[in-house]
2 protein chains.
Amino acid sequence: MPKFVYDFTEGNKDLKDLLGGKGANLAEMTNIGLPVPPGFTITTDACRHYLAEGAVPDGLDDEVSRHLKALEETMGRKLGDPADPLLVSVRSGAKFSMPGMMDTVLNVGLSDDCVDGLAAQLGNERFAWDAYRRLIQMFGKTVLGIDGEHFEHALDAAKQAKGAASDTQLDAEDLKKLTATFKDLVHKYAGREFPQDPREQMDLAVLAVFDSWNSDRAVLYRRQERIPADLGTAVSVVAMVFGNLGDDSGTGVAFTRDPGTGAQGVYGDYLQNAQGEDVVAGIRNTVPLQELEAIDKTSYDQLMDIMRTLENHYRDLCDIEFTIERGKLWMLQTRVGKRTAGAAFRIATQLVKQGMIDLDEALTRVSGAELSRLMFPRFDTSGEGIKRITKAISASPGAAVGKAVFDSATAVAWAARGEQVILVRRETNPEDLNGMIAAEGVLTSRGGKTSHAAVVARGMGKTCVCGAEELEVDAKAKTFAAPHGVTVREGDVISIDGTSGAVYLGEVPVVASNVVQYFEGELAPDCDDLVAAVHTLMIHADARRRLGVHANADNGPDCARARRFGATGVGLVRTEHMFLGERRQLVENLILAETDEARQAALDTLEPLQRGDFAEILEAMDGLPVTVRLIDPPLHEFLPDLTDLSVKVALAGDKATEQDRKLLEAVHRLHEQNPMLGLRGVRLVLVIPGLLDMQVSAIARAAAQLVKAGKTPKPEIMIPLTATVQEMEISRERAERVLRAVAEETGVLVDIPIGTMIEVPRAALTAGEIARSAEFFSFGTNDLTQMTWAFSRDDVEGAFFAPYIDMGVFGVSPFETIDIGGVGRLVKIAAAEGRATRPGLKLGVCGEHGGDPASVWFFHDAGLDYVSCSPFRVPIARLEAGRAGVSRGGSDTR
Amino acid sequence: MPKFVYDFTEGNKDLKDLLGGKGANLAEMTNIGLPVPPGFTITTDACRHYLAEGAVPDGLDDEVSRHLKALEETMGRKLGDPADPLLVSVRSGAKFSMPGMMDTVLNVGLSDDCVDGLAAQLGNERFAWDAYRRLIQMFGKTVLGIDGEHFEHALDAAKQAKGAASDTQLDAEDLKKLTATFKDLVHKYAGREFPQDPREQMDLAVLAVFDSWNSDRAVLYRRQERIPADLGTAVSVVAMVFGNLGDDSGTGVAFTRDPGTGAQGVYGDYLQNAQGEDVVAGIRNTVPLQELEAIDKTSYDQLMDIMRTLENHYRDLCDIEFTIERGKLWMLQTRVGKRTAGAAFRIATQLVKQGMIDLDEALTRVSGAELSRLMFPRFDTSGEGIKRITKAISASPGAAVGKAVFDSATAVAWAARGEQVILVRRETNPEDLNGMIAAEGVLTSRGGKTSHAAVVARGMGKTCVCGAEELEVDAKAKTFAAPHGVTVREGDVISIDGTSGAVYLGEVPVVASNVVQYFEGELAPDCDDLVAAVHTLMIHADARRRLGVHANADNGPDCARARRFGATGVGLVRTEHMFLGERRQLVENLILAETDEARQAALDTLEPLQRGDFAEILEAMDGLPVTVRLIDPPLHEFLPDLTDLSVKVALAGDKATEQDRKLLEAVHRLHEQNPMLGLRGVRLVLVIPGLLDMQVSAIARAAAQLVKAGKTPKPEIMIPLTATVQEMEISRERAERVLRAVAEETGVLVDIPIGTMIEVPRAALTAGEIARSAEFFSFGTNDLTQMTWAFSRDDVEGAFFAPYIDMGVFGVSPFETIDIGGVGRLVKIAAAEGRATRPGLKLGVCGEHGGDPASVWFFHDAGLDYVSCSPFRVPIARLEAGRAGVSRGGSDTR
């Protein structure tokens, strides 16, 4: 017979699966001797059984009765005892905190019969009736599903009748009447009486918590957060304690150290004569926790002791909730506390210094997301005259300064003339896309973290503050009104902080992050305690990671920075970037060439330029591998836009130039309905073989030149968009022919491995074949995501990612974090089957995911050799790779 | 110790893997007592060993010696015997016929020492020296790799010196001199002497055959035909027999029955005093085989006997090659013979009637490709004045008539005014795409079956004849010249037969296929012997197939035809087709709606129209399942083209209408870089929920209306482009809400299953999850192919499929036949994992592949329930499904 109920004395913090987070930590505190109100927890097993079978498991009822009896004995009171009733709270608690679920029903156990007993027990009639009407209200709303408005209206009516401004002005008699009204409301809207049997109250509340697991909000929340649907929730039944029984009572919250800086000390708030709900409602102001010492020194000292105990026990910063009932301290909750990014690093290293944890453990306490927040430039708000006008949702980090503009067209026009702008909208929609691209940052007055603005800005890496509801945006008048009579007009400068959500009037100075300056070598590791903490943990991460970290970089300076940031190779050189700017004309000549000779002449002009590009990169990365991808995009990307050019030629009429007409003809010829799925990558390379010859020759000659200068260049040639082993074989044959020719001509033989991107689903599905001809794979997870999901990033982020995240189709954009079930499955198939064919096959990833924390763990698990990402994300990848090394050890496939 | 050499008396026809096709059939004929020249075959095992290790296996040499000795004993002659030499031919023969490989070296065994012996043996000195110089020439070219031109030049020089017009005018002395010259050429170009040791000649020839397996041409051929690279080739060594020893000798080819009609009789050609090579070279004219009876009745009668034996033995039409050497008949080759499509059906049923095979076996003797050829309309060339001007490569079947045009622009312009045109080009390139679309058919004077014109036309299902080298196309003058002084000018009518490759002047009458008329019910099954044969085999195919065959059809008449053609359901109704034509304006209103009310009004107008569409289809398919796909394409497909409209508005300037400006704004807003990867399918359905509501409501009401009229409608709702189970869950919830509402309103409850297309790789990869919410899967293999390969059909067939097929990247377009390794793997994953979640999951396919013969077999193997294809391909799918049922029995997954 399974056990469905655990007394707090039976559980512990490691039983979160069974007891939920709240129940497990209450048990833990009970067992280390802290003053927790007695209680018990009904397990998630019981919930799962109930949800699957539609009835609680056999025996649960008896088990609850036994535990209830024990609780009654401990408390010396009985549930429903008219003379001296026991009251309990019924609290939901799943493994993962789920704001979408019902939380708590307080004061369970009160009834007509025992409300007077409670009044006598506490010596307070008004309190007893207030508790009773609150029970009916909470129970009616959350257990019986009655619209809360009905109760609110009745309460308002009672206050109005009395001429009272607040609840507290209602006396016992008023509350007694209100209770009667509330019971009528239950009868009217629930079609049943408010249950007078306290055990029935408790049982119904437990079932309501179970049912809340499948409420619409909970289902949506789980869908969004990718929490499995079959975990179920636990329910804790806890003896009530009251912080609102007079000035010798109160309630508070605290942290065991400063969650902002990690400094040790006393951080918390206290509210005299109040329950926890009152703190949340913010009706009265709390006082700093230090003042409790003067109010109730015994409780204060006991609390300080408890906080030390908890920190030693959890070996981490904890946050707690407590209540003092008539001088007696009760612990209501604890958990490992949230903290800022800087504090995370500082606390982790402090705990190491204090000998409480080792460096491996310290690495698990910080994250790449936190490191990334420390690397963003930030506002220096220490100066005079900095005016913060509101604070809203921090939707996409960064510090952006610019002139406020209120529509996309203006954003684009002003940005085109070199101005920095902030796009301000009530909310954004797909039409704002160009404006968002042009702006430094985006500010909206509506919408949350999954609004269009937030999702799209994060996708672009653009600073965004959203849901600034204090601002009244008037797009027509091109102004917004802020609190305190501030009005911002088009062209006024504002500053927005995407990390904190703050919005400032005027230009706030931006300072570079110390952490970045440290990575750049401009600040010493001991310049401040944050940098010192980062330094310590980066060194340890490097020692513990199995994954190499390379960078995506297309020129010498980027390569040099990547090296400073710790990259040990370049995983992706995009050669098409080298065809832009002044060289665009050369590529145009190549495309417009009408004879083989003209085409070859264009290629011959490009070759020495490319050779120079490669020499610069190979020199910057001397001794380290550099993976050069042959040209990837369709050729028409180097030509003018079809519509623009068509309009130009049409308007010019007879006066259109011969060049423009020829150009338009070429644009028409090369135009593609879906360029992403067109003549690009290896297809281009095979159909216009001169391109491959030119690029391979430039790589080989650049390498030969460096070898002659005493360097150790290590280029690798990467074929893009391969879908079949045949493409790979043909490209390899051609490339090897060129390499042999260059080796003969220069007299220098450089070993240049030839491999391929795996970025087309078919390549992953036939990787076992492709590996016959490829010496390495690099997963191009951007394209692989596009093809596997059948959406192009250009088109969809603006069009439906926001509603999709809102509806929970994604938890997070699959362009941000790798989609393990779909794209990740292809990566694993390709890794395993590629290595089955060629055991030494080198595997890397060069999509944006290479620098994303969650994705780095996946790539570690998939057994890849390295990740490659933009230089700025190299430290993040190093840290996460180290954390994955510590937590996961080896990997699935090797 | 493995056996590497098989005497002809040891092998049989089932050992093709080991002995190659030629060797296996020679052994078979030997063993049924037919007169085959003695010989032996060296196995493909030996070849594989040699290719892998660089040396022949130990013991092969001894084994060959033993078999050679046995051969010498049988023949009573010895290899290299100066007095009476044995000569042999060395012939390559792989499992699959490979024209890319070296074929044969004849006369092996001749040397300086024994040429006189041969002369004495045959009593013909000239013959002996001619045989010797031929050996050196063939051996030099194919074994020693000397350019054949060198020998041709020397031969020409010898003829010139003699003043001879043909080889036959050179006498023994001339040939002796020429032999010396050939030996010098070998010395000069191969750097070695021509080997005088006959055994060395034979061994080198064997190794050359082995090496030819990896020649460039063979590798390319295998890549194109998807023949595994590791099969290797066998080598047969056969005693030489000569058909050119005088008028009592000769050579011939024959069929055991008419390969054009299947009629029994004597079909073949004979050439007196000649070798097989002379027949191929076409130097002299052959005579009908019947005439052999007069020339050599004994041999003729023996041959007739042999042909009967072979047909009884192979139980099929055979083709043979034979040689008569001085009155003695020798069989040199046999194999099951090729035949026309009509003959295939007739022969198969004839053999059943003759009791030689059963109906199951008969089904394996015909194919969907053959049936498809019988279903094309054909030219009736029986009338007067039909003038065929050339015959070239039949690249894409059909019969097309139209005015000749010589450029794409003219094709488009003439077609736009309602004229039928044939596009005539030297060769086509991507710029001709629009012209090809506009034309009835395409005719080129250059390029083969894998040329751009051929590949693209097949992809479009457009009639095409290519490589008509007798035609001189002058695109500038807009004419082409044909043999016999015929000139065709722009506007002249021509007729091209894509099935036979014939090109006719003027309009040839087109007649519908009898087979189609039979399927339509317009001709009785006994109207002619071909239709009777088709009828017999279709009935048997239906009895033996496990796969259902549904049709893709969007309206009542198409559904009715599909039913006549044997479809037992509609697997795909594309609802977007219903939004074209006059209703386009309604969709435009929907898209341009600025308020929810206006949008709903547009939807409300569309609903009754859609309901009518569905009612018509459901009525036509009464009692059979009809799978309706909700709207799939992006909305901007219903708006004008961006570039066209931009030019129109720009040219109108201030005079542009408000409507056009608004339209342009909408087109801009909805414009997508890659519409294939944009806001379409289920995304559209979720972002604009009213669309789903409207369509589901129209389906449900149409069904209710038919139920009330006593019918049995069986609609199913299919969600397109699903990539996640979440999309499916949300769509299902919405659809079910509408279904409940309609059921309440109409009082009719129709069970309408809700399922999804699997057309996005991620859907296949997460099919186990999606099946939780989908009652059926239909594989959309068109889109699945596009996404898995990352190419859009619109863009790539013209751009690089021709070179890709030419280079062997594909054997056939993956849009034509399913790519088993990539797309097929996804289908198998989804089928297996979908059924693991939901055992009764119904699986079908509704891409073009549903009607492709090779693909039907794959879908059978993958365990699908049905295929769905265009009505015209329904009979083909039925036939192939029956054949797969007979040959494969069950399937992989169920």
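Looking at an unreviewed UniProt entry, one finds chain A named Pyruvate, phosphate dikinase, with Trebonia kvetii as its source organism. Among the UniProt annotations of chain A, the heading Catalytic activity (unreviewed entry) holds the following wording: "pyruvate + phosphate + ATP = phosphoenolpyruvate + AMP + diphosphate + H(+)". Looking at chain A in UniProt, the text filed under Cofactor (unreviewed entry) is "Mg(2+)".

## Some remarks on the environment of aspartate 112 of chain A
Residue and element names in this part refer to chain A. Structurally, aspartate 112 can be placed in the loop between β6 (104–108) and α4 (115–122). C-alpha of aspartate 112 to C-alpha of valine 534: the two residues are 422 residues apart in sequence and 61 Å apart in space. Every residue in contact with aspartate 112, bar those within four places of it in the chain, is listed here: Tyr132, Lys183 and Gln196. Separated by 2.5 Å, the side chains of aspartate 112 and tyrosine 132 make a polar contact.

## Comments concerning the relation of the copies chain A and chain B
If you rotate chain A by 180° and push it 0.1 Å along the axis, it lands on chain B with an RMSD of 0.2 Å. In symmetry terms, the pair is related by a two-fold rotation axis. A shared binding surface is used by both copies, with 100% of the interface residues of chain A retained as interface residues in chain B.

## Focus: the domain arrangement of chain A
If you check the domain split of chain A, you get domain 1 (5–239), domain 2 (250–336), domain 3 (376–511) and domain 4 (545–634 + 672–888). Relative placement of domain 2 of chain A and domain 3 of chain A: their C-alpha centres are 37 Å apart.

## A closer look at the nonpolar core
Counting residues in hydrophobic clusters, the biggest one holds 302 residues, and the most contacted among them are Phe345, Leu371 and Val534 of chain A together with Phe345, Leu371 and Val534 of chain B. Judged by nonpolar contacts, the second largest core, of 59 residues, contains Val5, Tyr50, Leu106 and Phe151 of chain A.

## Comments concerning the packing of aromatic side chains
In total, this model carries 52 aromatic pairs over all chains according to the counting rule given. Residues tyrosine 132 of chain B and phenylalanine 194 of chain B carry aromatic rings whose centres are separated by 6.2 Å and whose planes lie at 65° to one another, so their mutual orientation is edge-to-face. Here tyrosine 132 of chain B is found in helix α5 (residues 125–143), whereas its partner phenylalanine 194 of chain B is found in the loop between α7 (172–190) and α8 (198–212), with 62 residues between them in sequence. Phenylalanine 194 of chain B shares its class with tyrosine 132 of chain B; the two are buried. Put simply, the rings of Trp789, Phe791, Phe800, Phe801, Tyr804, Phe810 and Phe815 of chain A touch in pairs and so form one group of aromatic residues. Its end group placed over the ring of tryptophan 213 of chain B, arginine 222 of chain B keeps NZ or CZ at 4.0 Å from the ring centre. Just above the ring of tryptophan 330 of chain B sits the side chain of lysine 328 of chain B; from NZ or CZ to the centre is 4.5 Å.

## Some remarks on the UniProt feature "binding site: substrate" (unreviewed entry) in chain A
Residues and elements named next belong to chain A. UniProt marks Arg574, Arg629, Glu759, Gly780, Thr781, Asn782 and Asp783 with the feature "binding site: substrate" (unreviewed entry), using the numbering shown here. Checked against the element boundaries, arginine 629 lands in strand β28 (residues 625–629). Ignoring anything within four residues of it in the chain, the contact list for arginine 629 reads Leu572, Val573, Arg574, Thr575, Glu576, Met718, Pro720 and Met757. Position of aspartate 783 among the secondary structure elements: in helix α31 (residues 781–789). Look at aspartate 783 and you get buried, because its relative accessible area is 10%. Contact partners of aspartate 783, with chain neighbours within four places excluded, come to Met676, Arg680, Leu721 and Glu759.

## Section: the environment of leucine 580 of chain B
With respect to the element layout, leucine 580 of chain B can be found in the loop between β27 (570–574) and α22 (584–592). On a C-alpha basis, the gap between leucine 580 of chain B and glutamate 472 of chain B in space is 43 Å, while along the polypeptide they are 108 residues apart.

## Some words on the interface of chain A and chain B
How big an interface is tends to be stated in terms of accessible area lost as the parts join. Contacts between chain A and chain B engage 58 residues on the former and 58 residues on the latter. Here chain A and chain B share an interface that buries about 5,000 Å² over both sides, 62% of which is from carbon and sulfur atoms. Here chain A is connected to chain B by four salt bridges. In this structure, aspartate 819 of chain B engages arginine 762 of chain A in a salt bridge whose closest nitrogen and oxygen atoms are separated by 2.7 Å.

## Details of the sheet that holds strand β11 (residues 318–325) of chain B
All names here are of chain B. Strand order in the open sheet made by the five strands is β10-β9-β8-β11-β12, with antiparallel pairing throughout. The sheet is open, and its two borders are formed by β10 (287–288) and β12 (328–336), each paired with just one other strand. In this sheet, β10 lies alongside strand β9 (residues 264–272) in antiparallel orientation, the contact comprising two bridges. Bridge pairing in β10 links tyrosine 270 to valine 287. Of the strands in this sheet, β8 (250–257), β9, β11 and β12 are in contact with helix α12 (residues 297–314), which crosses β12 at around 25°.

## A few points about the UniProt feature "domain: Pyruvate phosphate dikinase AMP/ATP-binding" (unreviewed entry) in chain A
The sites that UniProt annotates as "domain: Pyruvate phosphate dikinase AMP/ATP-binding" (unreviewed entry) are residues 61–285 and 291–343 of chain A. In residues 291–343 of chain A, the share of helix is 47% and the share of strand is 32%. The end C-alpha atoms are 25 Å apart.

## Things to note about the sheet that holds strand β27 (residues 570–574) of chain A
Residue and element names in this part refer to chain A. Pairing in this closed barrel of eight strands is parallel, and the strands run β26-β27-β28-β29-β30-β31-β32-β33 around the ring. Pairwise comparison of adjacent strand axes, ignoring direction, gives a mean angle of 30° for this sheet. As defined by bridge partners, β27 adjoins β28 across three bridges and the pair is classed as parallel. Bridging across to β28, arginine 574 finds its partner in arginine 629. Along the sheet, helix α28 (residues 725–746) makes contact with β29 (714–719) and β30 (754–758), crossing β30 at roughly 145°.

## Brief notes about the packing of helix α31 (residues 781–789) of chain B against helix α33 (residues 820–837) of chain B
All names here are of chain B. Contact geometry of α31 with α33 gives a least axis separation of 9 Å together with a crossing angle of 120°. Compared by their axis directions, α31 and α33 come out oblique. Read as a crossing pair, α31 and α33 show a hand that is right-handed. Where α31 abuts α33, its residues Leu784, Thr785, Thr788 and Trp789 lie against Gly822, Val823, Leu826 and Val827. Among the residues making up the contact of α31 with α33, the classes are represented as five nonpolar, three polar and no charged.

## A closer look at the pairing of strand β22 (residues 486–489) of chain B
All names here are of chain B. Along β22, the buried face is formed by Val486 and Val488; none of Thr487 and Arg489, which line the opposite face, is buried. For strand β21 (residues 479–482) and β22, the ladder comprises four bridges, and the chain directions are antiparallel. Residue pairing for β22: alanine 481 is matched across the bridge by threonine 487. Between β21 and β22, which follow one another and run antiparallel, lie three residues, and histidine 484 among them has a positive phi close to 60°.

## Looking at unusual backbone geometry
Residues and elements named next belong to chain B. Residue histidine 484 is not a glycine yet carries a positive backbone phi of 60°. Here histidine 484 lies in the loop between β21 and β22. With relative accessibility at 77%, the residue histidine 484 sits in the exposed group.

Thresholds applied
- Residues numbered from 1 in each chain as written.
- Chains lettered and ligands numbered in written order.
- Predicted model: local features only at pLDDT ≥ 70, side-chain atom pairs only at ≥ 80, totals over all residues.
- Heavy atoms only, no water.
- UniProt positions renumbered as here; feature names shortened; annotations may be inferred.
- Helix = DSSP H or I, 4+ residues; strand = E, 2+ residues; numbered from the N terminus.
- Contact = heavy atoms within 4.5 Å.
- Polar contact = N/O pair within 3.5 Å; in protein donor to acceptor, adjacent residues only side chain to side chain.
- Least-squares fit on C-alpha atoms with pLDDT ≥ 70 in both.
- Domains from an automatic or database assignment.
- Core = buried A, V, L, I, M, F, W, Y, C linked by side-chain atoms within 4.5 Å.
- Buried < 20%, exposed > 50% of the residue type's maximum accessible area, 1.4 Å probe, protein only.
- Phe/Tyr/Trp six-rings, centres within 6.5 Å; stacked < 30°, edge-to-face > 60°.
- Lys NZ or Arg CZ within 6 Å of the ring centre and 35° of its normal.
- Buried area = accessible area lost by both parts, 1.4 Å probe.
- Salt bridge = Lys/Arg side-chain N within 4 Å of Asp/Glu carboxyl O.
- Pairing = 2+ DSSP bridges.
- Axes fitted to C-alpha atoms, helices over the stretch in contact; angles between N-to-C directions.
- Parallel < 35°, antiparallel > 145°, perpendicular 65-115°, else oblique.
- Left-handed = near helix turned anticlockwise from the far one by under 90°.
- Nonpolar A, V, L, I, M, F, W, Y, C, P; charged D, E, K, R; others polar.

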